[in-house]
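# Summary of the model geometry
Each chain is listed here by its residues.
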Amino acid sequence: MSISQSQRQTSTSGDTKTPPSAPRSIFSKVTGGGLAHGLLTNKKALFGLTILFLFVVLAVLAPVLMPGNPSNFTADVSAAPSADHWLGTTAKGQDVLALTLWGSRSSLSVGFAVGLIATFIGCLVGIASAYFGKVTDELLSLLTNIFLLIPGLPLLVVLAAFLPPGPATVVIVLVITGWAGSARVLRSQALSIRGKDFLASAIVTGEKTWRIMFLEIMPNMASIVMSTLLGCIIYGIGAQAGLEFLGLGDTSSVSWGTNLYWANNDGAMMTGDWWVLIPSGLAIALIAFALAMINYAVDEVTNPRLRAEKKD
Amino acid sequence: MRFLLRRLGFYLIAFWACITLNFFLPRLMPGDPVSRMFAQVQTQMRPDQIAALRQLFGLTNKPLWQQYLDYIGNIFRGNMGISLSRFPTPVSSVISSEIGWTLLLGATSLIIAVVLGNLLGIIAAWRRGKFLDSVFPPLLVFVGSFPYFWLAMAALYLFGIVLGWFPLNHAFTDGVEPSFSFSYVADVANHLVLPALTIVLVSIGGWMLGMRNTMIATTAEDYITMARAKGLRSGRIMFHYAARNAMLPSITAFGMSLGFVVGGALLTETVFAYPGIGYQLLNSVQALDYPLTQGIFLTITTAVLAANFLVDIIYVRLDPRVRVS
């Protein structure tokens, strides 16, 4: 409450005396620097960031830790975890640890690519919708709502069926089905900023439209953009795995989704090779959990009402 | 009334967008999926059936706008073509024979998840920081982080293969005649447990957290303080005052999640070989059975749109503010 009051005061008094960019520094203190500090002192965020960092390091170091093609067959077939193969081998004799490590490269890069692109489109549509208003808003909202309503996975399956297979297709299809949610959230947030005085002054001083959209509005909703981005990355990683598990992704590549697809195809469950199934699924869950934890931390840092009451 | 008409208009536009998407997708695809499909079935078709298919996929010499009008006309007459993988069954009868299973699975798991999740959310918000509030949310978020299909596989492996408590696949035991006898219903229920359980497990966390957060905002309202001051019983304030008002976002989410259930059921159905339309959609895609793929996609979308409109109607009854504005 007190934050928004102080914002309103400074922005109304700042209209005549200070240049239009001045209120931004006040906001950024709340959303930018405060957010980073809040995250680094938040237990959930630290936990999430640590796991995320670990995964990224392992993905980058995969060629060093497990050199050679992870799909190569070894002499051991369906071997349980042992000193030679820490996580066992598949029915074809591939090393599960190598598959999981190498799989993280594809899963993480597709997930982050989908998250970034979907959030960017969401920002573009959401902010444009709120900023221009009127007919633009009506049309963009209509488009957003239609995409929100069409059931995602069936659309994913149909699109993947008609498009030629490949990593680019996976990203495109996931972005098409994933951008609408972020657009809706970002639009409603941008709408609340649209009415603020510092924006009116930015328009009067003749700032360019894209500058207002991306340098005036967007920094002021940094925390929402951030949590949208995290949500989109979680969606991207999970949906890619689902798509590839169904055999509709890029089955020739190595990712967590294709690992599970082949495990299922080779009947790992029926033969009791549980070690083939666990690592990739657990990896997806861990990374999604880590991102979700960071997301909740962002929520808690920016919305004090959600913080659990501390007992003094 | 104006609100409902606006919504109806929106759903009609959404429906039109889906039909249009369905119409243009096979026509815009690079390569030629249609001739691939034709190559595999041409031998077993009558010439007039081939002609009908050509029309469905725009392999005629008619201009595009006329094909488009023909297509829309066919949809409204319920004519979605003939399934190729189940030749010569019409697409509409393939769908109607399978949609019941999806509805059964989806409705069962959705209702359990919504009721249980909301109840947990209400209690967690009411007893902030206590056991339920501090243990359940992170636990459910962690369970919800697992991929849908992976959890299904784990449940299948653990309860189906290792422990042998539940059947491994299909909606009822092979060879059993569907009837309204107790043993048949029990058999169906037995086959339903694992698929429904996995959907509930994955989705319940979202319901709980959503309800908890709105509930926390609601409990800060003045009328709750007033109710407390009047000395009402705690349970009465919790359910009749706070929860009733915190329910509204959940109802909107219910409409949205119908699509998620139909979609999510696709993965669950695949793992359990459950004969719903999600499983059929995947099979049709793998068999290059485009008429069936399109028919199922259109059916799912229509069902979701209709369900959302129903939720809107209920919403108007529940929230008087919508009626006024």
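Values in this document were obtained by computation on a predicted structure and should not be read as measured data.

### Comments concerning the overall build of chain B
If you tally the helices and strands in chain B, you get 13 helices and zero strands. For chain B, the α and β elements follow one another from N to C terminus as α-α-α-α-α-α-α-α-α-α-α-α-α. Classification of the 325 residues of chain B by burial places 49% in the buried group. The long-range fraction of contacts in chain B, counting pairs at least 24 apart against all pairs at least 6 apart in sequence, stands at 73%. Only carbon and sulfur atoms are counted for the fraction: they give 67% of the accessible area of chain B, which is about 15500 Å².

### Examining the side chain of Asn-259 of chain A
All names here are of chain A. Relative to the assigned elements, Asn-259 resides in helix 11 (residues 256–265). A residue is classified by how much of its surface remains accessible, and Asn-259, at 10% relative accessible area, is buried. Excluding its chain neighbours within four sequence positions, the residues that come into contact with Asn-259 are Leu-99, Thr-100, Val-254 and Ser-280.

### Quick notes on the UniProt feature "transmembrane region" (unreviewed entry) in chain B
Residue and element names in this part refer to chain B. If you check UniProt for "transmembrane region" (unreviewed entry), the listed places come out as residues 7–25, 99–126, 138–168, 188–209, 246–274 and 294–316 in our numbering. Secondary structure within residues 138–168 divides into 74% helix and 0% strand; the distance between the first and last C-alpha atoms comes to 30 Å. Within residues 188–209, the helical portion is 100% and the strand portion 0%, while the C-alpha atoms at the span's ends are 32 Å from each other.

### Let's talk about unusual backbone geometry
In this model, Lys-134 of chain A sits at a positive phi of 45 degrees, which is unusual for a non-glycine residue. Positionally, Lys-134 of chain A belongs in helix 5 (residues 134–149). One non-glycine residue, Ala-273 of chain B, lies in positive phi territory at about 45 degrees. Secondary-structure assignment places Ala-273 of chain B in the loop between helix 10 (234–272) and helix 11 (277–286). Note on Ala-273 of chain B: relative accessible area 14%, which makes it buried.

### Examining the pattern of salt bridges
Under the defined criterion, the tally for this structure stands at four salt bridges over all chains. Measuring nitrogen to oxygen at the nearest pair gives 3.1 Å for the salt bridge that ties Glu-207 of chain A to Arg-211 of chain A. Judged by its relative accessible area of 21%, Glu-207 of chain A falls in the partly exposed class. Measuring nitrogen to oxygen at the nearest pair gives 2.8 Å for the salt bridge that ties Arg-7 of chain B to Asp-312 of chain B. Of this pair, Arg-7 of chain B sits in helix 1 (residues 2–28) while Asp-312 of chain B sits in helix 12 (residues 290–318), and the two are 305 residues apart along the sequence. Take Arg-7 of chain B: its relative accessible area is 24%, and that puts it in the partly exposed class. Classification of Asp-312 of chain B by relative accessible area gives buried; the value is 10%.

### Notes on the packing of aromatic side chains
Residues and elements named next belong to chain A. Throughout the structure, instances matching the rule amount to 20 aromatic pairs over all chains. Arranged with centres 5.9 Å apart and planes meeting at 80 degrees, the rings of Phe-55 and Trp-256 form a pair that is edge-to-face. With a gap of 201 residues between them, Phe-55 in helix 3 (residues 43–65) and Trp-256 in helix 11 connect regions that are remote in the sequence. Using a relative accessible area of 1% as the deciding quantity, one classes Trp-256 as buried. Ring plane angle 15 degrees and centroid distance 6.3 Å describe the contact between Phe-120 and Phe-214, whose orientation is recorded as stacked. Within this pair, whereas Phe-120 is found in helix 4 (residues 96–132), its partner Phe-214 is found in helix 9 (residues 209–217), the two being separated by 94 residues in sequence.

### Looking at the packing of helix 3 of chain A against helix 13 (residues 274–302) of chain A
Residues and elements named next belong to chain A. Contact geometry of helix 3 with helix 13 gives a least axis separation of 8 Å together with a crossing angle of 145 degrees. By crossing handedness, the relation of helix 3 to helix 13 is classed as left-handed. For the pair formed by helix 3 and helix 13, the contact residues are Lys-44, Ala-45, Phe-47, Gly-48, Leu-49, Ile-51, Leu-52 and Phe-55 on the first element and Ala-283, Leu-286, Ile-287, Phe-289, Ala-290, Leu-291, Met-293, Ile-294, Tyr-296, Ala-297 and Glu-300 on the second. Taken together, the residues that form the contact of helix 3 with helix 13 break down as 16 nonpolar, one polar and two charged.

### Considering the nonpolar core
Among soluble globular proteins, nonpolar side chains are generally buried collectively. Within the largest apolar cluster, 109 residues are counted, with the highest numbers of intra-cluster contacts made by Phe-245, Leu-246, Leu-248, Leu-277 and Ile-287 of chain A together with Phe-149 and Val-271 of chain B. Considering each element in turn, this core owes the most residues, twelve residues, to helix 13 of chain A. When sequence neighbours within four positions are dropped, the list of residues in contact with Phe-149 of chain B reads Ala-241, Gly-242, Phe-245 and Leu-260 of chain A together with Leu-267 and Val-271 of chain B. Among the nonpolar cores identified, the runner-up in size contains 23 residues, and Cys-123, Ile-127, Ile-212 and Cys-232 of chain A belong to it.

### Structural notes on the interface of chain B and chain A
Between chain B and chain A, the contact holds 52 residues from the first and 47 residues from the second. Carbon and sulfur atoms supply 83% of the area that chain B and chain A bury against each other, a total of about 4300 Å² over both sides. Summed over the three residues of chain B that lose the most area to chain A, namely Trp-150, Met-153 and Tyr-157 of chain B, the buried surface amounts to 13% of that side. Applying the counting criterion to the chain B and chain A interface returns zero salt bridges. Those elements that provide at least two residues to the side of chain B that touches chain A are helix 1, helix 6 (131–145), helix 7 (148–162), helix 8 (182–219), helix 10, helix 11 and helix 12 of chain B. In terms of residues, the side of chain B that touches chain A owes the most to one element, helix 1 of chain B, which gives ten residues. Counted by class, the side of chain B that touches chain A contains 39 nonpolar, ten polar and three charged residues.

Reading guide: rules and limits
Residues numbered from 1 in each chain as written. Chains lettered and ligands numbered in written order. Predicted model: local features only at pLDDT ≥ 70, side-chain atom pairs only at ≥ 80, totals over all residues. Heavy atoms only, no water. Helix = DSSP H or I, 4+ residues; strand = E, 2+ residues; numbered from the N terminus. Buried < 20%, exposed > 50% of the residue type's maximum accessible area, 1.4 Å probe, protein only. Contact = heavy atoms within 4.5 Å. Areas by Shrake-Rupley, 256 points an atom, 1.4 Å probe, with all protein chains shown as cover. UniProt positions renumbered as here; feature names shortened; annotations may be inferred. Salt bridge = Lys/Arg side-chain N within 4 Å of Asp/Glu carboxyl O. Phe/Tyr/Trp six-rings, centres within 6.5 Å; stacked < 30°, edge-to-face > 60°. Axes fitted to C-alpha atoms, helices over the stretch in contact; angles between N-to-C directions. Left-handed = near helix turned anticlockwise from the far one by under 90°. Nonpolar A, V, L, I, M, F, W, Y, C, P; charged D, E, K, R; others polar. Core = buried A, V, L, I, M, F, W, Y, C linked by side-chain atoms within 4.5 Å. Buried area = accessible area lost by both parts, 1.4 Å probe.

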